[in-house]
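Coordinates in review
Listed below are the residues making up each chain.
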Amino acid sequence: MSVNGEAVRVGPGTGRADEPGWEVDPDDDWALAVVATVGRQLKLRREAVGMRVPEFAVAAGYGEDLVYKIESGKRIPRPEYLDTADEILRAGGLVAAMKEDVRKVRYPKKVRDLAQMEARAVELQLYDPLHIHGLLQTPEYARALLSMRRPAYSTEEVERFVSARVARRTIFDRDPAPELGFILEEWTLRRPLGGREVLRAQLEHLLAVAGLPTVELQVMPTDRQEHAGVDGGIEVLKFADGTAVGRSPAVAGGRPVSDLRQLRILELRYGIIRAQALTPRESIAFVEDLLGET
């Protein structure tokens, strides 16, 4: 059964064949392997206690079709599903322990790849002309933003992306922390996506992040007559071994690049945008003023 797109447990005798779940990306080989292994272990545990799928489905309160799909590696089981299965199958915590493996593959591959690069970076230069950068978004703001996508994401997809963005925020807790530079457009700070309360919480979060010693946050005012960011966003990640990777719609069609000449172009553009924006101190004051107006 589905309520607002969320998979919920169904009672005995409902006859529900399927519920929404976390789909496995067919191009994500690692996720496919992990989910197939988890599904196989669930099936072996169920058979070891002599339960057939219909019996397990009734005991767990889930549809039979969902059980079949999870055991065959076609669906990513939710944490609560594994907790329930552990209890019913008397696994002593061994099934529930698989939640950690599942957690690693619940996010889309491109998000995992980005998070891995961010985890290795010692410096990040980030400019997003369209939105508040994902690393800076509150869950509520991210949910509102993703819900406005057209064609629309499903509720499942929205929640997966929100969870992924929240997980990426561990970058702020690293020790030593990387140097993080963000340039934000004024208009993205004014638009009340999700409502005024969501915007207020987002602005408060920006001020909290901007107070971190390794974070430099700058705002590009809308009334600037000169702006080097008209060709789109910029991401430059630098690593401890001296290498770097960058990305921008204006370079290599938006694909990640590590060529020194292309990286030089990105850093040059970022440096000019940074010089044209408000200073970090001015930017904090600017956000404080916006918060007062909201």
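In what follows, the structure referred to is the one given above.
Remember, predicted model here, so these are calculated numbers, not experimental data.

Check the secondary structure of the protein and you find twelve helices and nine strands. The 294 residues of the protein split such that 46% are buried. Expressed as a percentage of contacts within the protein between residues at least 6 apart in sequence, the contacts between residues at least 24 apart total 70%. Here the protein displays about 15,000 Å² of accessible surface, and carbon together with sulfur accounts for 52% of that area.

Applying the stated criterion across every chain yields a total of eleven salt bridges. Residue Arg168 pairs with Glu118 through a salt bridge whose shortest N-O separation is 2.6 Å. One end of the pair, Arg168, is in helix 8 (residues 155-168); the other, Glu118, is in helix 6 (residues 109-120), with 50 residues separating them in the sequence. Note on accessibility: Arg168 and Glu118 belong to one class, buried. When salt bridges with common partners are traced through the structure, they connect Glu186, Arg190 and Glu293 into a single cluster.

As a further point, take the sheet that holds strand 8 (residues 234-239). Here five strands make up an open sheet; going across it, the order is 7-6-5-8-9 and the pairing mixed. The open sheet terminates on both sides in strands that have one partner only, identified here as strand 7 (215-220) and strand 9 (244-247). Across this sheet, the average inter-strand angle for adjacent strands is 5 degrees, counted without regard to direction. Bridge count between strand 6 (residues 179-185) and strand 7: six bridges; the pairing is parallel. The partner of Glu185 across the bridge, within strand 7, is Met220.

If you check helix 10 (residues 196-210), its first and last C-alpha atoms are 21 Å apart, about what 15 residues at 1.5 Å a residue would give, namely 21 Å. Taken together, the buried positions of helix 10 are Val198, Leu199, Gln202, Leu203, His205, Leu206, Val209 and Ala210. An end-on view of helix 10 places all buried positions within 160 degrees of arc, on one side of the element. Tucked inside the fold, the buried residues of helix 10 contact helix 7 (139-147), strand 6, helix 9 (186-190), strand 7 and helix 12 (280-293).

Judged by nonpolar contacts, the single largest core of 32 residues is most densely connected at Leu136, Phe172, Phe182, Leu189, Leu203 and Leu206. Of all the secondary structure elements, the ones that give two or more residues to this core are strand 5 (121-128), helix 7, strand 6, helix 10, strand 7, strand 8 and helix 12. A per-element tally of this core places helix 10 first, with six residues. Those residues in contact with Phe172, other than ones at most four positions away along the chain, are Leu135, Leu136, Leu180, Phe182, Val209, Leu212 and Val215. Residues Ala57, Ile76, Leu82 and Ala85 belong to the second largest nonpolar core, which totals 26 residues.

Burial within strand 6 is extensive, with six of its seven residues counted as buried. Examined bridge by bridge, strand 5 and strand 6 share six bridges and lie parallel to one another. Residue pairing for strand 6: Gln125 is matched across the bridge by Gly181.

Bringing the packing of helix 7 against helix 8 into the picture now. Running from N to C, helix 7 and helix 8 point in directions that differ by 140 degrees, and their axes come no closer than 9 Å. It follows that helix 7 is oblique to helix 8 by the angle criterion. For the pair helix 7 and helix 8, the crossing hand works out as right-handed. Listed contacts from helix 8 to Pro139, Ala142, Arg143, Leu145, Leu146 and Ser147 of helix 7 are Val158, Glu159, Phe161, Val162, Arg165 and Val166. The class makeup of the residues in the contact of helix 7 with helix 8 is eight nonpolar, one polar and three charged.

Our next topic: the packing of aromatic side chains. The tally for this structure, following the rule as stated, stands at three aromatic pairs. Each residue in the set Phe56, Tyr62 and Tyr81 is aromatic and connected to the rest through ring pairs, giving one cluster. Here the guanidinium or amino end of Arg120 rests over the ring plane of Phe239, the centre of that ring lying 4.3 Å away.

Criteria and thresholds
- Residues numbered from 1 in each chain as written.
- Predicted model: local features only at pLDDT ≥ 70, side-chain atom pairs only at ≥ 80, totals over all residues.
- Heavy atoms only, no water.
- Helix = DSSP H or I, 4+ residues; strand = E, 2+ residues; numbered from the N terminus.
- Buried < 20%, exposed > 50% of the residue type's maximum accessible area, 1.4 Å probe, protein only.
- Contact = heavy atoms within 4.5 Å.
- Areas by Shrake-Rupley, 256 points an atom, 1.4 Å probe, with all protein chains shown as cover.
- Salt bridge = Lys/Arg side-chain N within 4 Å of Asp/Glu carboxyl O.
- Pairing = 2+ DSSP bridges.
- Axes fitted to C-alpha atoms, helices over the stretch in contact; angles between N-to-C directions.
- Expected span 1.5 Å × (residues − 1).
- Arc of directions from axis to C-beta.
- Core = buried A, V, L, I, M, F, W, Y, C linked by side-chain atoms within 4.5 Å.
- Parallel < 35°, antiparallel > 145°, perpendicular 65-115°, else oblique.
- Left-handed = near helix turned anticlockwise from the far one by under 90°.
- Nonpolar A, V, L, I, M, F, W, Y, C, P; charged D, E, K, R; others polar.
- Phe/Tyr/Trp six-rings, centres within 6.5 Å; stacked < 30°, edge-to-face > 60°.
- Lys NZ or Arg CZ within 6 Å of the ring centre and 35° of its normal.

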